[in-house]
Every structure is written in C-alpha cells, then in structure tokens.
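# Commentary on secondary and tertiary structure
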Amino acid sequence: MRMAFTVDVEDWFCSPELTLDEWERLELRIERPIYQILDLLDEQNAKGTFFVLGWIAEKRPYVVKEIARRGHEIASHGYSHRLVYQQSTTEFREDIRKSKHILEQITGMKVDGYRAPCFSITEPALDILSEEGFLYDSSVIPNTLNALYSKFNLAPSLLTPFKIKDNLWEIPMPVLNVGRVNIPWGGGGYFRIYPYRMFNRGARSIINNQGSFIFYTHPYDLDEGQPQIFNTSWINSIRRYYGLKHTAMKLRRLISHYSCTSIREYHSHIFEGK
C-alpha cells in the first residue's frame, strides 16, 4: 500500500506558547532527528514532503539543502509557527510570503505546498494561499475533539484531494470515524500513543475506504532527550511526550510496510502543467 509521508520541520520549542525571542535562547536539537528520519527513508528508497518552518530554515539552511539533496519535496510550514486564526490577514500573508521566499532562496526550487501550524487553517487563509501562488494546502482535518485544530465540517468519506479554491487544492488529513467521533489518525503524537498494530489497522482501513493516506511526524517525536518545558493538561502532555523512545522503531516499521512517497509524487495530477 502507498501513503504520502510528511514531516513538519520544527524543533522541540517551536510552540505558539513561546515568542520568537524566547526561541532564540533555547537549544536547537533538530539536526540529529532530521538526519535520523532521512536515513530511515533512505533505507527503503522512500521519499517524503518536508513542511519547513522559515525560522528553522534561517537557522539551519544546510539541513534544508540536505533534505532537498536527498530528493524530498520542500514545502512551507509558515515562518513563526503562530496559529493561523490568531493572526490578522496581513500578518498571515507576511508570514507565508517570508517563509516561501526563504525556502526558495535556499533550495532554488519553487515551493508549492503549505501546512498550517497545529492544523489551524481558516477560510480567509486559504484565499491568501491561493493568491500567494501555492498549489496545495494540507491542513484540513474534519471536526475532531482537538481544541487547536480549525473546525471544518468535512465528511470523513471525502478525504481525498479536492479543489478548495480556484487555484488551490486541499489535501486533507486522515481521521478514523467511530460513531459520531472523528479520531485523528495521521501521525504525530497520535502515532506515538497508538500501538503500532492498531495504527496500522486504522491506516489500512482508511486507504481501503478512501484510496489515500497522509502521514506526518515531527523531528521532536524522535528526540527522547528533549527538555519537557510545556506544563499543559495531562492529555496534551501525553500527546506531546509519550512514547518518544519508540518512535524511530515504529517509523522503521511503517516505512518498510508502506510505499512512502512525497505529496508531489502521491498526488501528481495536481502538478500537471505547472
């Protein structure tokens, strides 16, 4: 079975709870887990899409170059990891424009994709993405109980790519529908929490029913030694820190069980003629 493998390239402290000034005083730990992910993909000759924060790209441009050199797609995760619905339209436009410019200058390649921090995309933001030359967004998750996610009343049966604006495709994130509840099933902290067999069973069910699956992870999901500075609710703490030492092993199993590729290759029809 095939799936799109994606990475949200942010470090352990890249949270909307902290300011950019606070980020400057904290240790960058992103290189080791990024190279670990790249090596895991290389083992199976797999590819992925890396949604890179502009701030991280400024600090570690050689890491972005290495991701591109190994044949992976570079996309934007914005610049500052601020929640979209907490920004004005002007601030959001400036944020994505700055990130897109930085990434294109580093790689020499056009950046076509965007993913909102914490999947916080909004309807006005989608209009701006289209105006700024993006071809696709991968931020929409049908209504779930996660308070950070934007709320889109998208039927779980319609999780294949669709044109959400005249010039913009939406590539939604997967959920598993259980009764009236949509359970996030794309990866991240949920991948660390769910036993691998259970996650694999859910992913295969989604692929069989809908024909596609978008997986995501973060570098910090593999960083067992990261400082644990976020004193959130016990539920968010579990989602943020549980199972860190097992992520690399679970990723190796996932990449060996599925044919993993980038969004650009997985949904190549979006890019035809572009």
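Residues numbered from 1 in each chain as written. Predicted model: local features only at pLDDT ≥ 70, side-chain atom pairs only at ≥ 80, totals over all residues. Heavy atoms only, no water.

Residues Phe5 and Phe50 are the most contacted members of the largest nonpolar core, which totals 86 residues. The contacts of phenylalanine 50, once residues within four sequence positions are left out, are Val7, Val9, Ile34, Ile37, Leu38, Leu41, Ile67, His72, Glu73, Ile74 and Ala75. (Core = buried A, V, L, I, M, F, W, Y, C linked by side-chain atoms within 4.5 Å. Buried < 20%, exposed > 50% of the residue type's maximum accessible area, 1.4 Å probe, protein only. Contact = heavy atoms within 4.5 Å.)

Examined against the element boundaries, arginine 204 turns out to sit in helix 8 (residues 196-210). Sequence separation between arginine 204 and serine 268 is 64 residues; the distance between their C-alpha atoms is 21 Å. Leave out the neighbours within four places in its chain, and arginine 204 touches Met1, His257 and Tyr258. (Helix = DSSP H or I, 4+ residues; strand = E, 2+ residues; numbered from the N terminus.)

To continue, consider the packing of aromatic side chains. Per the counting criterion, the structure on display carries 18 aromatic pairs. Between tyrosine 114 and phenylalanine 134, the ring centres sit 6.0 Å apart and the planes meet at 65 degrees, which makes this aromatic pair edge-to-face. With tyrosine 114 in strand 4 (residues 113-114) and phenylalanine 134 in the loop between helix 6 (123-131) and strand 5 (136-137), this pair connects stretches of sequence that are 20 residues apart. Exposure class is identical for tyrosine 114 and phenylalanine 134. Each is buried. Both rings, one in phenylalanine 119 and one in tyrosine 149, keep their centres 5.3 Å apart while their planes meet at 85 degrees; by these two values the pair is edge-to-face. (Phe/Tyr/Trp six-rings, centres within 6.5 Å; stacked < 30°, edge-to-face > 60°.)

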